[in-house]
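Letter by letter, the chains look like this.
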Amino acid sequence: MKVVHVAVAVIERENGDICIAKRADHQHQGGLWEFPGGKVEAGETITQALQREIHEELGIDVLAHSPLISVRYRYTDKHVLLDVHRIHQFEGEPHGKEGQPVVWCPKSQLKNYEFPAANKGILNALILPKQVAILDPISNEQVEYLTQSYAPDELVIYVRDENKSEFLTQLSDLKDKGYPVLQKNDPLMAHLTSAQLNSLEDRPDVIWLSASCHNEAEIEKANALEVDFIFISPVQVTPSHPGGDVLGWDKFQELAELAHMPAYALGGVDMQDMEHALALGAQGIAGIRAFKAE
Ligand SMILES: Nc1nc2c([nH]c(=O)n2[C@@H]2O[C@H](COP(=O)(O)OP(=O)(O)OP(=O)(O)O)[C@@H](O)[C@H]2O)c(=O)[nH]1
Ligand SMILES: [Mg+2]
């Protein structure tokens, strides 16, 4: 089936509210809410498509945008590539130029609206931070460094260290302060190793589920289980595995696009790679060394 390339705009106003519109009943996925946008025409750049569609649908001018997430999604009747961009700057007041209802919605309320299935990853991309610090091993020094360097909404803390029992007080402290703490087999926010991911038939019953992926097959599996976010690794050579096979950034981008959910770049990446990773559609970067005090 031909893939329909779609330019999608997440328009954010100063107070953080997001602009959503209701799709007309006769349209594909009709009656559901959407982020405004439409098909990229032949010969158009993504910027041109965003500007044209948003002007046609909402009557506003897009002035600045940056990539949020790309999602390839196969509906039974249509294959789409949603190229989703955050609009930081625009001129005019959005209104439904095609008669469609348009509302400003606080981020925390988006979950109360019904969107097409492909949008789940977009909603998670809007909530998740750019940084995932992997604690392996966990130490008091690193926990202190992280809490001093990042606010609770800027960081997911993934405790990969299996010998964490002496740190349980520090971990519950972190949670009390509002930091999301990801652990293997946690009832709220659980992580799956790729081996666990491969062996599962159904999604475990947790609020947030993440997984480690290294190839297409694992990403398809994460899509099938509706995992909320993934780590794609190894992107680059790491000092601990200098001779190993790595994906490289091109392959990372291809895999991230195949993933329905936000993807963090992991393995041989540090904070200096952030801009590059974001430009390729990454949610951000995950790492051990990148989140340690020098
Ligand atoms: N604009 C938009 N399209 C989405 C979203 N989610 C999603 O799956 N899609 C799918 O992307 C495809 C293209 O979007 P569209 O119907 O807005 O395209 P368009 O503005 O050119 O519309 P038209 O063909 O009705 O003139 C549709 O199949 C739609 O179901 C979303 O959040 N926003
Ligand atoms: Mg449209």
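Residues numbered from 1 in each chain as written. Chains lettered and ligands numbered in written order. Predicted model: local features only at pLDDT ≥ 70, side-chain atom pairs only at ≥ 80, totals over all residues. Heavy atoms only, no water.

Naming follows an unreviewed UniProt entry, where the protein appears as 8-oxo-dGTP diphosphatase of Litoribrevibacter euphylliae. Per UniProt, the protein carries the Cofactor (unreviewed entry) text "Mg(2+)". (UniProt positions renumbered as here; feature names shortened; annotations may be inferred.)

**Things to note about the coordination of the magnesium ion (ligand 2)**
Binding of the magnesium ion (ligand 2) to the protein goes through G37 (O) and E57 (OE), at separations of 2.2 Å. One end of the pair, G37, is in strand 4 (residues 37-39); the other, E57, is in helix 1 (residues 46-58), and 20 residues separate them in sequence. Note on G37: relative accessible area 12%, which makes it buried. (Donors = N, O, S within 2.8 Å, 3.2 Å for Na, K, Ca; no water. Helix = DSSP H or I, 4+ residues; strand = E, 2+ residues; numbered from the N terminus. Buried < 20%, exposed > 50% of the residue type's maximum accessible area, 1.4 Å probe, protein only.)

**With respect to the site of ligand 1**
Taken together, 19 residues lie near ligand 1, and R23, H28, F35, K39 and Y75 sit nearest. Note that an oxygen atom of ligand 1 is positioned 2.5 Å from one of the side-chain N or O atoms of H28. Backbone polar atom of F35 to a nitrogen atom of ligand 1: 2.6 Å apart, as the coordinates give it. Within the complex, the protein chains bury 83% of what would otherwise be the 630 Å² of accessible surface of ligand 1. When residues of the shell around ligand 1 are traced back to their parent elements, those giving at least two are strand 4, helix 1 and strand 6 (78-91). The residue inventory of the shell around ligand 1, partitioned by class, reads seven nonpolar, six polar and six charged. (Near = heavy atom within 4 Å. Polar contact = N/O pair within 3.5 Å; in protein donor to acceptor, adjacent residues only side chain to side chain. Areas by Shrake-Rupley, 256 points an atom, 1.4 Å probe, with all protein chains shown as cover. Nonpolar A, V, L, I, M, F, W, Y, C, P; charged D, E, K, R; others polar.)

**Focus: the sheet that holds strand 15 (residues 284-287)**
Here we have eight strands rolled up into a closed barrel, ordered 8-9-10-11-12-13-14-15, and parallel in their pairing. Strand-to-strand twist across the sheet, computed as the mean angle between neighbouring axes with direction ignored, equals 25 degrees. Relative to strand 13 (residues 229-232), strand 12 (residues 208-213) runs parallel, the two being bridged by four bridges. Directly across from A211, in strand 13, lies its bridge partner I230. (Pairing = 2+ DSSP bridges. Axes fitted to C-alpha atoms, helices over the stretch in contact; angles between N-to-C directions.)

**Topic: the packing of aromatic side chains**
Taken as a whole, this structure holds eleven aromatic pairs when the rule is applied. Here the aromatic rings of F229 and Y264 are separated by 5.9 Å at their centres, their planes lie at 80 degrees, and the arrangement is edge-to-face. Placement of F229 in strand 13 and of Y264 in strand 14 (residues 263-266) is noted, with a sequence separation of 35 residues between them. When sorted by exposure, F229 lands in the same class as Y264, which is buried. Every member of this aromatic cluster is reached through a ring pair, and the members are Y158, W208, F229, F231 and Y264. (Phe/Tyr/Trp six-rings, centres within 6.5 Å; stacked < 30°, edge-to-face > 60°.)

**Description of the nonpolar core**
Counting 46 residues, the largest nonpolar core has V227 and I230 as its most contacted members. It is helix 7 (residues 248-258) that provides the largest number of residues to this core, a total of five residues. Non-local contacts of V227, meaning those with residues more than four positions away in its chain, are made with L197, R203, L209, S210, A211, A222 and M261. In terms of nonpolar packing, the next biggest core, distinct from the first, is built from 24 residues, V4, V80, V84 and A125 among them. (Core = buried A, V, L, I, M, F, W, Y, C linked by side-chain atoms within 4.5 Å. Contact = heavy atoms within 4.5 Å.)

**A closer look at the pattern of salt bridges**
With the rule as written, the count across this model stands at 18 salt bridges. For the salt bridge of R52 with E44, the shortest nitrogen-to-oxygen distance reads 2.6 Å. Close ionic contact of R203 with D228 constitutes a salt bridge, the shortest N to O distance being 3.0 Å. One end of the pair, R203, is in the loop between helix 5 (194-199) and strand 12; the other, D228, is in the loop between helix 6 (216-224) and strand 13, and 25 residues separate them in sequence. One network of salt bridges, in which partners are shared, links E41, E44, R52, E53 and E56. (Salt bridge = Lys/Arg side-chain N within 4 Å of Asp/Glu carboxyl O.)

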